[in-house]
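What follows is each chain in one-letter form.
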Amino acid sequence: MTSRLTPQGGPEVVLRPLTGADTGPLAEFLGSLSSESRRFSTFGGYDLAAARELCDAIARHDKLRLVLEDAPSGRIVGLLEFSLALTPADIERYRNAGIRLTGATDCRFGPTLADDQQDRGLGTLAFPFVTEVVRLLGRTRIILWGGVRADTPRAVRYYEKNGFQPVGHFTEADGSRSLDMMLDLHPERDPATLSTRRGHP
């Protein structure tokens, strides 16, 4: 699960699993996120304690986390999170949209990039490796972890460009609207989605 990426006009970036030795660099990454970036994330905190909690969770729960590391400096510039667990809220929202989520086929995905790495194409460059990780985890469909804010057209376009389809919308605690989106890696092999969308059980 380790790969080297070369963003256009920038230094090489290493995509690798989060390790227990990443507590300090991860804390710096979380702490450097702007208020705007934090609005789109789902972290419980942005300090050393939050970083330690994420590192301590390695291989203990249903999560897999990969970091994007600036090769020259060793600075963490991105965090990609995968979860094999589906929340009751996810299941209900997708059911209301005519899609039945299952633990056998579906996983959640959430990326966070450092502010100075956004709009550089790094997320798109990393996305083929994201889909490969999902396949290695034995899943064929990806839903967004916490959805995507509807008032961020740049983020919505990113997901659409990488094959995600809008499923529905929901209201956040602050009253703003977010979108649920899904990527089916094998749509030709999964007629169940079409059947449920047409109202069949």
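Just above sits the structure.
Here goes a summary of the coordinates provided.

### Focus on the layout of surface pockets
Okay, step 1: Considering only enclosed or pocket space, the largest pocket measures out at about 970 Å³ in volume.
Okay, step 2: Taken together, 41 residues line the largest pocket, and the ones lying closest to its centre are F40, P111, A155, Y158 and Y159.
Okay, step 3: Within the residue set of the lining of the largest pocket, elements represented by two or more residues are α2 (35-39), β4 (76-83), β5 (106-113), α5 (122-136), β7 (148-149) and α6 (153-161).
Okay, step 4: For the lining of the largest pocket, the leading source of residues is α6, giving 6 residues.
Okay, step 5: In terms of residue class, the lining of the largest pocket is made up of 15 nonpolar, 15 polar and 11 charged.

### A short note on helix α3 (residues 48-56)
Helical periodicity: at 3.6 residues per turn, an α-helix aligns residues three or four positions apart in one direction.
Okay, step 1: Of all the positions in α3, only A50, A51, L54 and C55 are classed as buried. Buried residues of α3, viewed axially, fall in a sector of 135°; they line one side.
Okay, step 2: On its buried side, α3 packs onto α1 (23-32), β3 (63-70) and β4.
Okay, step 3: Where α3 begins, the capping side chain belongs to D47, and its oxygen is found 3.3 Å from the backbone nitrogen of A49.

### Details of the pattern of salt bridges
Okay, step 1: Evaluated as defined, the whole model comprises 14 salt bridges.
Okay, step 2: Two residues, D22 and R16, come together in a salt bridge whose shortest N-O distance is 2.8 Å. We note that D22, like R16, is buried.
Okay, step 3: Here R39 makes a salt bridge to E36, at a shortest N to O gap of 3.7 Å.

### Some points on the packing of aromatic side chains
Okay, step 1: Going through the model one piece at a time under the given rule, you end up with 7 aromatic pairs.
Okay, step 2: Here Y158 and Y159 contribute two aromatic rings whose centre-to-centre distance is 5.1 Å and whose plane-to-plane angle is 65°, an arrangement assigned as edge-to-face.
Okay, step 3: The exposure class of Y158 is buried, given its relative accessible area of 17%.
Okay, step 4: A ring pair is formed by Y159 and F164, whose centres lie 5.3 Å apart and whose planes are at 75°; its orientation type is edge-to-face. F164 shares its class with Y159; the two are buried.
Okay, step 5: Grouping aromatic residues by their ring pairs yields a cluster made of F82, F109, F127, Y158, Y159 and F164.
Okay, step 6: Between R93 and the ring centre of F170, over which it is positioned, the NZ or CZ distance is 4.1 Å.
Okay, step 7: When the ring centre of W145 is taken as origin, the NZ or CZ atom of R108, which lies over that ring, is 4.6 Å away.

Calculation notes
- Residues numbered from 1 in each chain as written.
- Predicted model: local features only at pLDDT ≥ 70, side-chain atom pairs only at ≥ 80, totals over all residues.
- Heavy atoms only, no water.
- 1 Å grid on protein atoms, 1.4 Å probe; cavity = no way out; pocket = protein on both sides within 12 Å on 5 of 7 lines; lining within 4 Å.
- Points joined across faces, edges and corners; volume = space filled by probe spheres on them.
- Helix = DSSP H or I, 4+ residues; strand = E, 2+ residues; numbered from the N terminus.
- Nonpolar A, V, L, I, M, F, W, Y, C, P; charged D, E, K, R; others polar.
- Buried < 20%, exposed > 50% of the residue type's maximum accessible area, 1.4 Å probe, protein only.
- Arc of directions from axis to C-beta.
- Contact = heavy atoms within 4.5 Å.
- Polar contact = N/O pair within 3.5 Å; in protein donor to acceptor, adjacent residues only side chain to side chain.
- Salt bridge = Lys/Arg side-chain N within 4 Å of Asp/Glu carboxyl O.
- Phe/Tyr/Trp six-rings, centres within 6.5 Å; stacked < 30°, edge-to-face > 60°.
- Lys NZ or Arg CZ within 6 Å of the ring centre and 35° of its normal.

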